[in-house]
Amino acid sequence: MYWEKNPESTNNILTNGYDLNVTEVDSNTSKITITSDHEINGIADVYIDYELQGNGTRSSKLLLHPELSVSNTLKDSGELELDFNTLRPKSAEYIPVRIVNGYGEVELQAKPTKSTKLVLNDVNCKEIFQSLQTTYRLNM
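Just so you know, these numbers come straight off a predicted model, no measurement behind them.

Reading the values: the criteria
- Residues numbered from 1 in each chain as written.
- Predicted model: local features only at pLDDT ≥ 70, side-chain atom pairs only at ≥ 80, totals over all residues.
- Heavy atoms only, no water.
- Helix = DSSP H or I, 4+ residues; strand = E, 2+ residues; numbered from the N terminus.
- Buried < 20%, exposed > 50% of the residue type's maximum accessible area, 1.4 Å probe, protein only.
- Pairing = 2+ DSSP bridges.
- Salt bridge = Lys/Arg side-chain N within 4 Å of Asp/Glu carboxyl O.
- Core = buried A, V, L, I, M, F, W, Y, C linked by side-chain atoms within 4.5 Å.
- Contact = heavy atoms within 4.5 Å.
- 1 Å grid on protein atoms, 1.4 Å probe; cavity = no way out; pocket = protein on both sides within 12 Å on 5 of 7 lines; lining within 4 Å.
- Points joined across faces, edges and corners; volume = space filled by probe spheres on them.
- Nonpolar A, V, L, I, M, F, W, Y, C, P; charged D, E, K, R; others polar.

S.K.: With reference to specific residues and values, describe the environment of Asn 85.
M.R.: Its place among the elements puts Asn 85 in strand S9 (residues 84–87). Through-space distance from the C-alpha of Asn 85 to that of Asn 72 is 9.0 Å; in sequence the pair is 13 residues apart.

S.K.: How would you explain the pairing of strand S6 (residues 67–72) if you had to name every residue and give the values?
M.R.: Among the six residues that make up S6, five are buried, leaving the element largely enclosed by the rest of the structure. In this sheet, strand S11 (residues 103–111) lies alongside S6 in antiparallel orientation, the contact comprising six bridges. Within the sheet, the bridge partner assigned to Ser 71 lies in S11 and is Glu 107. Looking at chain direction, S6 and S9 are connected through four bridges and run antiparallel. Paired with Leu 68 across the bridge in S9 is Leu 87.

S.K.: Now, about the pattern of salt bridges: what can you tell me, with residues and values included?
M.R.: Using the criterion set out here, one finds two salt bridges in the structure. Between Arg 88 and Glu 93 there is a salt bridge, and its shortest N-O distance comes to 3.2 Å.

S.K.: Please set out the nonpolar core residue by residue, giving values where relevant.
M.R.: Note that soluble globular proteins tend to have their nonpolar side chains buried in a common cluster. Judged by nonpolar contacts, the single largest core of 23 residues is most densely connected at Ile 34, Val 46, Ile 48, Leu 68 and Ile 128. Elements represented by at least two residues in this core include exactly strand S4 (29–36), strand S5 (42–54), S6, strand S10 (90–99), S11 and strand S12 (116–129). Of all the elements, S5 adds the most residues to this core, at five residues. With residues near it in sequence (within four places) discarded, Ile 34 still touches Tyr 18, Asp 19, Leu 20, Ala 44, Val 46, Val 97, Ile 99, Gly 102, Tyr 103, Gly 104, Cys 125 and Ile 128.

S.K.: Quick rundown of the layout of surface pockets? Include the residues and the values.
M.R.: Of the volumes computed, that of the largest pocket is approximately 240 Å³. Looking at the largest pocket, it is lined by 15 residues, and the ones nearest its centre are Val 70, Asp 83, Phe 84, Asn 85 and Pro 96. In terms of residue class, the lining of the largest pocket is built from nine nonpolar, three polar and three charged.

S.K.: Talk me through the sheet that holds S12; I want residue IDs and the actual numbers.
M.R.: Strands in a sheet are paired, the pairing made by backbone hydrogen bonds, and the direction either parallel or antiparallel. Read across the open sheet, the four strands follow the order S2-S12-S5-S10; overall the sheet is antiparallel. Taken across any chain shown, the strands that pair with only one partner, and hence form the sheet edges, are strand S2 (13–14) and S10. As paired strands, S2 and S12 are joined by two bridges and run antiparallel to one another. In the strand pairing of S12, Leu 14 is matched with Ile 128.

Pasting the structure below:
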């Protein structure tokens, strides 16, 4: 069982009218935010090209398995959403960012935090899917 993009549904896809910003929190953490019209709710398809590197500390010389933590930090109705994923040390891939009332954010963090740093080579978003019911379908 898996989710796949529904090719018959393209009428709920936004390709402009929103802004993507990347803020470096510290050397191993960055925050991606997407802002748009307050009427928009959906999922942004965000492309990230990244790599994790040792930060030059003694513990970074013994680095065995660095990983990138992706956390949805969007607060909806006063409660923290619990979307979380762990990615490879170096890759280029798409991550979903939930948009609620025209705003969405995720935090990227290189782990272990004491010995790694995050290098973002490229971040962009070409589409926001406004309706999950018609944009994605369950395939069994």
